[in-house]
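As a plain string of letters, each chain reads:
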Amino acid sequence: NFVGVIDPGLPSWVRDDFDKTLGVIFSGLEARFGYGLPDRATVLFAYRGDDVQGFSNKGSALPGNVLALEAAGTALQQPSDEITDHFHFFFAHEAVHLFQAASGKRLGDQSSSWIHEGQANAIAYRLLVEQDMQSQTAYETRLAEAFNRCATELEGRALAETLSTGRIGAYDCGEVIAVASAAAMPNHNLFDLWAEMVAVGDDPNSYVADDYFAALESLDVEKDVVAQLRDLTQE
């Protein structure tokens, strides 16, 4: 599912983990989504040296199935579990987006971005826990932090208002909604939810929030729970 291109200047403790990590992530997602990528992704990992104090990085998913990450800083001179966890999550989260797009539909409007980003967060972290790349305790701690950031962000305003002013609404609140959705499905998981959401929508090219809630109902989530989640995203 991918071709990795790694900067030879990266410290060996980062390079040595790269291929195995990506293999686990992409294979795990293919097995769980139930399909591979129609075109292999290109994963670029660049190094800008250690002129910067501490740790600096930036990354994104680019057109053409490209994931790019650039890292720099003195903190990379020595192995770091915290930095390793950061790299693992970045690649897992962005790889989820590639598999989401491979389903045949894309995000229909910005007001539904909590689906796109929240599901990517939730799936990525759960995959890392399943593969022993992050501890359950660490996951629960950061999920609680995401919940608290979301609750603070929603004080006095609707979720839609937060989506254009920062990352918390789409990422943290979206993840909380995804985890709540997973807990409400007695016989299904987030991968089933994604497949059902793509299947039930009328638009052949995109999905929106109404498709998400219709999918929850078709997967036997109690109607009052669906209503509460809808209120959370709209009121």
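Just so we're clear, the structure is a prediction, and the values are computed from it rather than from any experiment.

Structurally, Phe 45 can be placed in strand 2 (residues 41–47). Relative accessible area serves as the criterion here: at 4%, Phe 45 is assigned to the buried category. C-alpha separation for the pair Phe 45 and Asp 85, spaced 40 residues apart in sequence, amounts to 15 Å. Not counting residues within four places of it along the chain, the set of residues in contact with Phe 45 comprises Val 5, Ile 6, Asp 7, Leu 10, Val 14, Phe 18, Leu 69, Ala 71, Phe 87 and Phe 91.

Taken as a whole, the largest pocket encloses approximately 540 Å³ of empty space. In this structure, the largest pocket is lined by 21 residues; those nearest its centre are His 86, Phe 89, Phe 90, Tyr 125 and Arg 167. Every element with two or more residues in the lining of the largest pocket is listed here: strand 3 (56–62), helix 2 (81–102), helix 3 (113–130), helix 4 (136–153) and helix 6 (168–184). Ranked by residues supplied to the lining of the largest pocket, first place goes to helix 2 with eight residues. Class assignment of the residues belonging to the lining of the largest pocket gives a composition of seven nonpolar, six polar and eight charged. In this model, the second largest pocket occupies a volume close to 210 Å³. Lining of the second largest pocket is provided by 14 residues; of these, His 97, Leu 98, Ala 101, Arg 106 and His 116 occupy positions nearest its centre.

Further remarks concern the state of the cysteines. In a disulfide, the sulfur atoms of two cysteines are covalently bonded to one another. A complete count under the given rule lists one disulfide for this structure. The disulfide partner of Cys 150 is Cys 173, and the S-S distance across this bridge is 2.1 Å. As the torsion about the S-S bond is roughly 110 degrees, the Cys 150-Cys 173 disulfide counts as right-handed. You can see Cys 150 sitting in helix 4 and its partner Cys 173 sitting in helix 6, a full 23 residues away along the chain.

Let's shift gears to a nonpolar patch on the surface. Taken together, the side chains of Val 3, Val 5 and Leu 44 define a hydrophobic patch exposed on the protein surface, amounting to about 200 Å² of accessible area. Among the structural elements, Val 3 can be located in strand 1 (residues 2–6).

One pass over the structure, following the stated rule, counts 18 aromatic pairs. Between Phe 26 and Phe 99 the ring centres are 6.3 Å apart and the planes differ by 50 degrees, which places this aromatic pair in the tilted class. Placement of Phe 26 in helix 1 (residues 12–33) and of Phe 99 in helix 2 is noted, with a sequence separation of 73 residues between them. Overall, Phe 26 belongs to the buried group, its relative accessible area being 1%. Judged by relative accessible area, which is 0%, Phe 99 ranks as buried. With 6.4 Å between their ring centres and 35 degrees between their planes, Tyr 35 and Phe 99 make a pair best called tilted. Of the two residues, Tyr 35 sits in the loop between helix 1 and strand 2 while Phe 99 sits in helix 2, which places them 64 residues apart along the sequence. A residue is classified by how much of its surface remains accessible, and Tyr 35, at 24% relative accessible area, is partly exposed. Through a chain of ring-to-ring contacts, three or more aromatic side chains come together here, namely Phe 2, Phe 26, Phe 33, Tyr 35, Phe 99 and Phe 191. Lying over the aromatic face of Tyr 171, Arg 167 brings its terminal NZ or CZ to 4.0 Å of the ring centre.

Cut-offs and rules
- Residues numbered from 1 in each chain as written.
- Predicted model: local features only at pLDDT ≥ 70, side-chain atom pairs only at ≥ 80, totals over all residues.
- Heavy atoms only, no water.
- Helix = DSSP H or I, 4+ residues; strand = E, 2+ residues; numbered from the N terminus.
- Buried < 20%, exposed > 50% of the residue type's maximum accessible area, 1.4 Å probe, protein only.
- Contact = heavy atoms within 4.5 Å.
- 1 Å grid on protein atoms, 1.4 Å probe; cavity = no way out; pocket = protein on both sides within 12 Å on 5 of 7 lines; lining within 4 Å.
- Points joined across faces, edges and corners; volume = space filled by probe spheres on them.
- Nonpolar A, V, L, I, M, F, W, Y, C, P; charged D, E, K, R; others polar.
- Disulfide = S-S within 2.5 Å.
- Patch = residues over 30% accessible without salt bridge, like charges linked within 9 Å, V, L, I, M, F, W, Y side chains within 5 Å.
- Areas by Shrake-Rupley, 256 points an atom, 1.4 Å probe, with all protein chains shown as cover.
- Salt bridge = Lys/Arg side-chain N within 4 Å of Asp/Glu carboxyl O.
- Phe/Tyr/Trp six-rings, centres within 6.5 Å; stacked < 30°, edge-to-face > 60°.
- Lys NZ or Arg CZ within 6 Å of the ring centre and 35° of its normal.

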